[in-house]
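What the coordinates show
The lines below spell out each chain.
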Amino acid sequence: MFKLNDEGLFLKLGGNEFEIVPHVISIIVITLVLVILAGVVKTKIKKADPLEKPKGIVLLTEMFVTGINNFLKGIVGDKMKGLAPYIGFLAVYLLIANTIGLLGLVPPTSNLTVTGTLGIITFLIIQYNGVRFHGLKKRIKSWAEPFIFMFPINVIGELALPVSLSFRLFGNILGGAIIMTILYGAIGAGFTSLIGLTGLNIGQFGELFASPFTTVFHLYFDLFAGLIQTFIFVLLTTIFISLAVE
Amino acid sequence: MDFLDKINDLVQSGLMPNPITLIAQLLATFIIFLAFKHWVWKPMNELISKRQSVIIDELESARQAKEEAASLRNEYEVNLEEAKIEANKIIDTAKSQALETKEQMIDEAEKEAAYKLEKAEKEIALERKKMQEELRAHLVDIAFSAAEKLVNENIDDDKNRKLIDQFIEEVGE
């Protein structure tokens, strides 16, 4: 069923072979971690006394949950309370997914299929709630505003939303990963040739010397860009939903 | 170059649509969403609303206690005021009673004193009268005896005669 060769890991189903890209491993790891964390949080909350001052993980969870609730309330209002766990999922998942490169795993968000899936889910939530709050007729009619010939443009604009969401995230994270790879390769090659002057050939190990120089770039491309992109994705998702249900 | 291959791999694996990745991401989204919804949001919201209801209860009971305290204080103040008035009344009555009693007593004492004085005066007067009478009787006796003696001895003496006259005159008063 599974096949591992030079090309990578493959899953054989019927007559087809599907490649299991390393991003999938990251997805599975993050999912496991988050589910276990949620389970721990659940038992901790169940044990917590509502009259006691919350502390530790319960306090963090409370801050996170009320933060997301208030964030959603501030943008969408009270209509979409059920959406809070999804926004919370996006925030935590994207934060970890964007910055997991620091732990040596491949960031799942540097995969277009991953960001595309998230974009499509967001798109579906927007459309579903838009129809739920305004009805299908009114929703379609609103695309013909202010003139009927604006209809195709509005529809394209609507469809562009998941594309722009997913490509923005994908491009930023992949770009960061590419720049980091180039930096490691370039600095490593530099050290290899520098040490090569003494007659020693260390080959690829030159990259080991690159770490002190790449730290600050990791901070920027992995941590800062990851945080910013998480925030942008979550904020845009929430704003688009609020526009749809308004 | 080695790192160019790596970049190629990155772009290739990231850009190519892949059904396994799609399914993995869908499942991950679904699972984490459900876990967050049922294990994090629901209990946390319950905890928060439980705490809120407890706080509201506490505030409500505090408000009630405050109201009760205020009404009790009011009651006590009224009671205190009444007690003060009552006390003043009692003191006033006691004072006036005491005054009355005092006046009565003084009155009685004065009356008694007057009565006793009168009685004493009467007694004194009576006594005097009695003594005067006794004295007179006695004097008469003496006078008689003196007269007897004078009669017996030198009644003719002018001086004595005069004396006896005077004496009798005095007694006669």
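Residues numbered from 1 in each chain as written. Chains lettered and ligands numbered in written order. Predicted model: local features only at pLDDT ≥ 70, side-chain atom pairs only at ≥ 80, totals over all residues. Heavy atoms only, no water.

1. Focus: the layout of surface pockets
Where we set the bar: Lining residues are defined by having an atom within 4 Å of a point belonging to a cavity or pocket. Those points lie on a 1 Å grid over the protein atoms alone, cavities being sets where a 1.4 Å probe fits but cannot get out and pockets being open sets with protein on both sides within 12 Å along at least five of seven lines. Grid points are joined across faces, edges and corners, and a volume is the space filled by probe spheres set on the points. Per the convention used, a helix needs a DSSP run of H or I reaching at least four residues, while a strand needs a run of E reaching at least two, with both numbered from the N terminus. Basically, the charged four are Asp, Glu, Lys and Arg, the nonpolar ten are Ala, Val, Leu, Ile, Met, Phe, Trp, Tyr, Cys and Pro, and anything else, Gly included, counts as polar.
Put simply, the largest pocket is a space of about 760 Å³. Looking at the largest pocket, it is lined by 26 residues, and the ones nearest its centre are V106 and T181 of chain A together with K6, D9 and L10 of chain B. Contributions of two or more residues to the lining of the largest pocket are made by α1 (22-47), α6 (151-196) and α7 (211-245) of chain A together with α1 (2-15) of chain B. The class makeup of the residues in the lining of the largest pocket is 11 nonpolar, eight polar and seven charged. Computed from the structure, the second largest pocket encloses a volume of approximately 390 Å³. Around the second largest pocket, the lining is made up of 20 residues, and of these N69, K81 and A84 of chain A together with W41 and N45 of chain B lie nearest the centre.

2. Comments concerning a positive patch on the surface
Which entries qualify depends on this criterion: What makes a patch is a set of residues exposed beyond 30% relative accessible area and free of salt bridges, joined within 9 Å when like-charged and within 5 Å when nonpolar (Val, Leu, Ile, Met, Phe, Trp, Tyr). Computed with a 1.4 Å probe, the accessible areas rest on the Shrake-Rupley method; for each residue, only the protein chains presented here act as cover. Salt bridge, as used here, is a side-chain nitrogen of Lys or Arg placed within 4 Å of a carboxyl oxygen of Asp or Glu. His is not counted here, nor are the chain ends, while Lys and Arg score as positive and Asp and Glu score as negative. Where a charge lies is defined by one atom per residue type, namely NZ (Lys), CZ (Arg), CG (Asp) and CD (Glu).
On the surface, K46 of chain A together with K37, K42 and K50 of chain B cluster together to form a positively charged patch. Sort the elements by how many residues they give to the positive patch and helix α2 (residues 19-152) of chain B lands first, with three residues. Within the fold, K42 of chain B resides in helix α2.

3. Overview of the environment of S53 of chain B
Mapped onto the secondary structure, S53 of chain B falls in helix α2. The spacing of S53 of chain B and E75 of chain B is 22 residues in sequence and 32 Å in space, taken between C-alpha atoms.

4. With respect to the packing of α6 of chain A against α1 of chain B
As a reminder of what qualifies: Fitted lines through C-alpha atoms serve as axes, helices being fitted only where they are in contact, and the angles separating the N-to-C directions of these axes extend from 0 to 180 degrees. Small angles under 35 degrees read as roughly parallel and large ones over 145 as roughly antiparallel, with 65 to 115 read as roughly perpendicular and the rest as oblique. Helix crossings are classified by the rotation of the near helix relative to the far one: an anticlockwise turn of less than a right angle makes the crossing left-handed, while a clockwise turn makes it right-handed. We call two residues in contact whenever any of their non-hydrogen atoms come within 4.5 Å of each other.
Packing of α6 of chain A against α1 of chain B leaves a shortest axis separation of 9 Å and a crossing angle of 165 degrees. By the criterion of interaxial angle, the relationship of α6 of chain A to α1 of chain B is roughly antiparallel. The handedness of the crossing between α6 of chain A and α1 of chain B is right-handed. Here α6 of chain A contributes F170, L174, A177, I178, T181, I182, G185 and A186 of chain A to the contact with α1 of chain B, which in turn contributes F3, K6, I7, L10, V11, G14 and L15 of chain B. Across the contact of α6 of chain A with α1 of chain B, the residue classes tally to 11 nonpolar, three polar and one charged.

5. Structural notes on the packing of aromatic side chains
Going by this rule: Put simply, two rings from Phe, Tyr or Trp (the six-membered ring, in Trp's case) pair if the centres are within 6.5 Å, and we call them stacked under 30 degrees between planes, edge-to-face over 60, tilted for the rest. Here the term buried applies to any residue with accessible area under 20% of the maximum for its type, exposed to any over 50%, and partly exposed to those in between, with areas from a 1.4 Å probe on protein chains only. We count a charge as sitting over a ring when the NZ of a lysine or the CZ of an arginine lies within 6 Å of the ring centre and within 35 degrees of the ring normal.
Applying the stated criterion to the full structure yields 12 aromatic pairs over all chains. When the centroid spacing of 5.1 Å and the interplanar angle of 90 degrees are considered together, the rings of Y220 of chain A and F221 of chain A count as edge-to-face. In this structure F221 of chain A comes out as buried when scored by relative accessible area, which is 18%. With a centroid separation of 5.4 Å and an interplanar angle of 35 degrees, the aromatic rings of Y220 of chain A and F224 of chain A are classed as tilted. Note that Y220 of chain A and F224 of chain A are positioned in helix α7 at a spacing of four residues, about one turn of the helix. Owing to a relative accessible area of 42%, F224 of chain A belongs among the partly exposed residues under this scheme. The rings of Y86, F89 and Y93 of chain A together with F33 of chain B are connected pair by pair, giving a single aromatic cluster. In this arrangement the basic side chain of K79 of chain A is found over the ring face of F133 of chain A, its NZ or CZ atom lying 5.7 Å from the centre.

6. Considerations on the packing of helix α5 (residues 136-143) of chain A against α6 of chain A
Residues and elements named next belong to chain A. In the contact formed by α5 and α6, the axes pass within 7 Å of each other and the chain directions differ by 110 degrees. Looking at the two axes, α5 sits roughly perpendicular to α6. From α5, R139, I140, S142 and W143 reach across to α6, where they touch F151, N154, V155 and E158. For the contact of α5 with α6, a count of residues per class yields four nonpolar, two polar and two charged.

7. What about the sheet that holds strand β3 (residues 16-20) of chain A?
Residues and elements named next belong to chain A. Using the following cut-off: Strand pairing is defined by DSSP finding a minimum of two bridges between the two strands.
With antiparallel pairing, the three strands of this open sheet are ordered in space as β1-β2-β3. This sheet does not close on itself; its edge strands, each paired only once, are β1 (2-5) and β3. The mean angle between the axes of side-by-side strands here comes to 30 degrees, regardless of whether they run parallel or antiparallel. Pairing of β1 with strand β2 (residues 8-13), which is carried by four bridges, proceeds in the antiparallel orientation.

8. Points about the side chain of N18 of chain B
Counted only if it meets this: Side-chain atoms alone can form a polar contact between residues adjacent in sequence; in general such a contact is a pair of N or O atoms within 3.5 Å, and within protein one must be able to donate a hydrogen while the other accepts it.
Among the secondary structure elements, N18 of chain B is positioned in the loop between α1 and α2. A distance of 2.9 Å separates a polar atom in the side chain of N18 of chain B from the backbone nitrogen of I20 of chain B.

9. A short note on the interface of chain A and chain B
We count it as follows: By buried area we mean the combined loss of accessible area, with a 1.4 Å probe, across both parts when two parts are placed together.
Every contact between the two is made by 55 residues of chain A and, on the other side, 38 residues of chain B. Here chain A packs against chain B, burying approximately 4,200 Å² in sum over the two surfaces, 78% of which is carbon and sulfur. Among the salt bridges present, the one from E62 of chain A reaches R51 of chain B, with a minimum N-O distance of 2.8 Å. In this structure, the connection of chain A to chain B is made through eight residue pairs in polar contact (both at pLDDT 80 or more). Of all elements in the fold, only β3, α1, α2 (56-76), α3 (84-99), α4 (112-134) and α6 of chain A reach the threshold of two or more residues within the side of chain A that touches chain B. Take the side of chain A that touches chain B: its biggest share by element is 12 residues, from α1 of chain A. Its residues assigned to classes, the side of chain A that touches chain B shows 35 nonpolar, 15 polar and five charged.

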